[in-house]
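# Structure assessment
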Number of protein chains: 2
Amino acid sequence: MPSEFALIDRYFKRPPRNPGQTALGVGDDAALIRPGPGMELAISTDMLVAGTHFLPNTDAEDLGWKTLAVNVSDMAAMGAQPRWALLAVALPAATESWIEKFARGFFACADEFGIDVIGGDTTKGPRNFCVTIFGEVPTGQALLRSGARPGDDVWVSGAPGRAALGLAHLQGRAVLEQPQLADCLAALHRPQPRVALGQALRGLASAAIDVSDGLLADLGHILDASRVSARLQIAVPPAPTFPREAYLSGGDDYELVFTAPAAQHAAIVALGDTLQLALTHIGSITARASDAIDLCDMEGRPIEVAERGFDHFSSGIT
Amino acid sequence: MPSEFALIDRYFKRPPRNPGQTALGVGDDAALIRPGPGMELAISTDMLVAGTHFLPNTDAEDLGWKTLAVNVSDMAAMGAQPRWALLAVALPAATESWIEKFARGFFACADEFGIDVIGGDTTKGPRNFCVTIFGEVPTGQALLRSGARPGDDVWVSGAPGRAALGLAHLQGRAVLEQPQLADCLAALHRPQPRVALGQALRGLASAAIDVSDGLLADLGHILDASRVSARLQIAVPPAPTFPREAYLSGGDDYELVFTAPAAQHAAIVALGDTLQLALTHIGSITARASDAIDLCDMEGRPIEVAERGFDHFSSGIT
């Protein structure tokens with residue numbers, strides 16, 4: 001079995017895209033980076049555990065992509081440009097063919113979003129992947145959770161719930177037909193973080209978050225941080241073959257939920273056209289009330305939802 | 001059981017020490033930091049796994065300290081000032097009393113070294129702790145592994161091997177008496193990263209690394225990166241009750257091994273006096289030879305060492 005040092009060299013050491021800012025990459029006690037002038041660094045970390053965040057039999061290349069993509073999504077939600085990442089991995093054994101496939105998926109995502117992999121750690125242990133990601137955002141322009149104001153519109157990108165539906169199919173809780181099956185499995189295994197959208201929303205949106213735990217749960221974090229409530233109107237079901245629960249409470253899609261002043265409505269519709277991405281106006285922000293979210297269908301009838309989100313301590317796989 | 005969001009708020013959310021540079025801490029999709037002018041960021045990540053890096057029954061508060069301290073040590077080895085850290089944790093269950101103790105040890109170390117904890121992740125899974133640490137170092141002044149030159153002196157701080165000896169006692173492979181036992185267990189459980197030494201070595205040392213895998217193994221990384229060899233003279237045993245193998249190959253002490261031009265000898269002796277820290281001249285750098293390290297005792301007799309280091313994929317606990 002190759003040593004951890006050999007594995008790092010073989011699969012994770014690549015020349016930096018931008019040596020001026022990536023002063024030192026993999027191979028010393030630390031990496032050295034130089035953020036650009038006028039930029040602040042957005043930093044986030046996410047840990048993925050077998051059995052909690054992914055099925056144990058997940059394809060290694062898909063898992064490599066997703067491990068980085070879920071972190072890229074945090075940069076999208078801040079309106080930041082992802083730039084650097086570190087990867088710490090625990091594996092029960094250093095199966096080289098598995099690592100090679102994982103690295104291929106990981107770097108496919110790194111290349112897609114222009115990220116230098118500048119360091120990491122490999123160790124023996126139950127399967128665990130921990131990525132730390134760094135993005136640049138012009139000082140003071142990051143999209144926070146705390147900026148939503150009464151009267152703002154609530155928007156969501158794409159079609160959340162597809163990943164949850166794909167997982168339900170794999171777990172035998174739902175039966176999908178093609179082409180919906182392929183679409184939902186792609187959403188589950190190869191999520192597309194909304195980086196271009198996040199950056200375009202700087203100056204337009206008042207708050208943003210990515211949908212990792214479910215639309216209602218993640219919007220709830222915006223409402224808590226902004227001390228406001230929301231009234232949502234949702235088509236039920238959003239599509240003939242699409243369960244309402246998946247749309248409202250399915251995590252793992254990495255779409256963006258965001259709020260914006262009503263005056264920006266036309267600009268956001270135009271942005272969706274430019275990006276060729278569905279941006280759906282699903283409600284509006286209200287003053288803080290006892291119910292954080294007042295949810296009704298398109299005729300104004302209240303919708304009750306049993307499960308409003310996902311907590312990684314109390315639930316199983318998302 | 002409290003949710004992951006409640007636990008983050010309760011134990012890991014603290015006001016920043018320096019709001020001017022820590023623009024946003026725990027609680028959004030990412031943290032926001034602003035490195036100082038003229039500084040580059042040193043960044044490192046280390047993952048600690050139960051059974052590989054620590055005994056499963058390790059005291060939670062000690063483990064909290066050590067989880068951060070081993071990362072602080074990477075900043076010391078770069079000559080950087082540690083400033084920020086993120087902590088991702090997987091736990092089989094959210095035992096609140098355990099988390100409270102772990103957090104106490106973790107923040108004791110953060111406070112000792114002036115670190116803001118700016119983010120993290122908590123999830124369910126086999127016990128795993130992944131820290132990412134950020135330090136500031138004046139641009140171009142970081143201590144790298146690659147700067148050692150033939151003729152340089154080789155130095156080591158403190159007395160490496162004490163942590164390995166403490167572990168051997170706990171595992172029944174050695175029997176220590178007080179006060180050595182207490183000293184070795186302190187080295188194992190509460191390592192003191194050499195941050196002040198690392199910063200003082202900027203401009204003095206030509207290369208540096210921290211001793212995490214063993215003196216010979218870690219010096220070996222300097223020699224590889226610098227494409228040089230070394231001739232070491234070691235007292236055998238270094239102290240009457242101190243096995244040679246622990247000194248040469250015991251990891252986990254987080255002392256610094258460094259090289260410096262011979263002309264800096266007196267300055268380094270004076271630095272040891274100032275810091276009240278033993279700095280021992282153990283040999284010198286030579287031109288690259290077939291043997292990376294030529295090891296002999298104080299009379300010049302060759303020393304053979306069976307085990308020259310520690311690899312986290314092929315070994316058990318350090």
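The text that follows walks through the structure, step by step, so that each part is easy to find.

A few words on the overall build of chain A. Counting its secondary structure elements, chain A contains nine helices and 12 strands. For chain A, whose C-alpha radius of gyration is 20 Å, the value lies close to the compact-globule estimate of 20 Å for 318 residues. For chain A, with 318 residues in total, the buried portion stands at 60%.

Residue and element names in this part refer to chain A. Every buried residue of helix α4 (residues 162-170) is accounted for by Arg162, Ala163, Leu165, Gly166, Leu167 and Ala168. Along its buried surface, α4 packs onto α5 (180-189) and α8 (244-249). With its phi angle positive at about 80°, Gly172 sits one or two positions after the end of α4.

A few words on the sheet that holds strand β3 (residues 39-49) of chain A. Taken in spatial order, the six strands of this open sheet run β5(A)-β4(A)-β6(A)-β3(A)-β2(B)-β1(B), and their pairing is mixed. Of all the strands in the sheet, the pair left with one neighbour each is β5 (116-124) of chain A together with β1 (22-24) of chain B. Mean inter-strand twist for the sheet, computed between neighbouring axes without regard to direction, equals 20°. Taken strand by strand, helix α2 (residues 60-78) of chain A contacts β3, β4 (81-91) and β6 (128-138) of chain A together with β1 and β2 (31-33) of chain B, and its axis lies near 30° from that of β6(A).

The two chain copies are related to each other by a rotation about an axis together with a translation along it. When chain B is brought onto chain A, the operation consists of a screw motion whose angular component is 180° and whose axial shift is 0.0 Å, with 0.0 Å RMSD remaining. Such values leave the two copies arranged in the relation of a two-fold axis. The overlap is high: 98% of the interface residues of chain B also sit at the interface in chain A, so the same surface is used on both sides.

Residue and element names in this part refer to chain A. In spatial order, the strands read β8-β10-β7-β11-β9-β12; together these six strands make up an open sheet with mixed pairing. In this open sheet, the two strands that pair with only one neighbour each are β8 (207-210) and β12 (293-296). The mean inter-strand angle of the sheet, taken between neighbouring strand axes irrespective of direction, is 20°. For β8 and strand β10 (residues 256-260), the ladder comprises four bridges, and the chain directions are antiparallel. Within β10, the residue paired with Ala207 across the bridge is Thr259.

Opposite charge on two side chains makes pairing possible when the charged atoms of those side chains draw close. For the coordinates displayed, the defined rule picks out 32 salt bridges over all chains. The salt bridge partner of Glu100(A) is Arg104(A), with a shortest N-O separation of 2.8 Å. With a gap of four residues between them, Glu100(A) and Arg104(A) both fall in helix α3 (residues 96-113), about one helical turn apart. For Asp224(B), the salt bridge identified is with Arg288(B), shortest N-O distance 3.3 Å. Of this pair, Asp224(B) sits in helix α7 (residues 215-226) while Arg288(B) sits in the loop between β11 (279-287) and β12 (293-296); the two residues are 64 residues apart in sequence, bridging distant segments of the chain. Classification of Arg288(B) as partly exposed rests on a relative accessible area of 45%.

For Thr45(A), the position within the fold is in strand β3. Engagement of the side chain of Thr45(A) in a polar contact is seen with the side chain of Thr132(A), the distance being 3.3 Å. When neighbours within four sequence positions are excluded, Thr45(A) is seen to be in contact with Asn71(A), Cys130(A), Val131(A), Thr132(A), Leu86(B), Ala88(B), Gly120(B) and Asp121(B).

Helix-helix packing: each pair is described by the crossing angle between the helix axes and the interaxial distance. Residues and elements named next belong to chain B. Remark: helix α4 (residues 162-170) packs on helix α5 (residues 180-189), axes separated minimally by 7 Å, with the N-to-C direction vectors making an angle of 110°. For the element pair α4 / α5, the angle class is roughly perpendicular. Contact residues: α4 offers Arg162, Ala163, Leu165, Gly166, Leu167, His169 and Leu170, while α5 offers Gln180, Leu181, Asp183, Cys184, Leu185, Ala187, Leu188 and His189. Looking at side-chain class alone, the contact of α4 with α5 contains nine nonpolar, four polar and two charged residues.

Before going further, it helps to spend a moment on the interface of chain B and chain A. The partner chain A presents 64 residues to the 65 residues of chain B that form the contact. For the pair chain B and chain A, the number of links is four salt bridges. Where Glu40(A) meets Arg34(B), a salt bridge forms, and the shortest distance between an N and an O atom there is 2.4 Å. Where chain B touches chain A, the interface holds 12 residue pairs in polar contact (both at pLDDT 80 or more). Among the elements that line the side of chain B that touches chain A, the one with the most residues is strand β3 (residues 39-49) of chain B, at nine residues. A class-by-class count of the residues in the side of chain B that touches chain A yields 36 nonpolar, 16 polar and 13 charged.

This next bit is on the nonpolar core. Ranked by size, the top nonpolar core spans 56 residues in total, and within it Phe12(B), Leu68(B), Phe102(B), Phe129(B), Leu201(B) and Phe258(B) carry the most contacts. Per-element tally for this core: the top contributor is helix α2 (residues 60-78) of chain B, with 11 residues.

One pass over the structure, following the stated rule, counts 13 aromatic pairs over all chains. Ring geometry for Phe134(A) versus Phe134(B): centroids 5.4 Å apart, planes at 75°, classification edge-to-face. Taken as a pair, Phe134(A) in strand β6 and Phe134(B) in strand β6 (residues 128-138) lie in two separate chains rather than in one. The pair Phe134(A) / Phe134(B) is uniform in exposure class, with both members buried. Where Trp155(A) meets Phe258(A), the ring centres are 6.3 Å apart and the plane angle is 5°; that geometry is what we call stacked. Placement of the pair is Trp155(A) in strand β7 (residues 153-157) and Phe258(A) in strand β10, with a sequence separation of 103 residues. Accessibility expressed as a relative area gives 0% for Phe258(A), which makes it buried. Feature note: the residues Trp98(A), Phe102(A), Phe106(A), Phe107(A) and Phe129(A) constitute an aromatic cluster, connected by ring pairs.

Here the focus is helix α9 (residues 265-275) of chain B. Residues and elements named next belong to chain B. Among the residues of α9, Ile268, Leu271 and Gly272 are the ones counted as buried. The buried residues of α9 occupy an angular sector of 100° when projected down its axis, which confines them to one face. Exposed residues on α9 whose side chains face more than 90 degrees from its buried face are Ala266, Asp273 and Thr274. In this structure, the buried side of α9 is in contact with β7 (153-157), α6 (195-200), β10 (256-260) and β11.

The rules behind each value
Residues numbered from 1 in each chain as written. Chains lettered and ligands numbered in written order. Predicted model: local features only at pLDDT ≥ 70, side-chain atom pairs only at ≥ 80, totals over all residues. Heavy atoms only, no water. Helix = DSSP H or I, 4+ residues; strand = E, 2+ residues; numbered from the N terminus. Rg over C-alpha atoms; globule rule 2.2 N^0.38 Å. Buried < 20%, exposed > 50% of the residue type's maximum accessible area, 1.4 Å probe, protein only. Contact = heavy atoms within 4.5 Å. Pairing = 2+ DSSP bridges. Axes fitted to C-alpha atoms, helices over the stretch in contact; angles between N-to-C directions. Least-squares fit on C-alpha atoms with pLDDT ≥ 70 in both. Salt bridge = Lys/Arg side-chain N within 4 Å of Asp/Glu carboxyl O. Polar contact = N/O pair within 3.5 Å; in protein donor to acceptor, adjacent residues only side chain to side chain. Parallel < 35°, antiparallel > 145°, perpendicular 65-115°, else oblique. Nonpolar A, V, L, I, M, F, W, Y, C, P; charged D, E, K, R; others polar. Core = buried A, V, L, I, M, F, W, Y, C linked by side-chain atoms within 4.5 Å. Phe/Tyr/Trp six-rings, centres within 6.5 Å; stacked < 30°, edge-to-face > 60°. Arc of directions from axis to C-beta.

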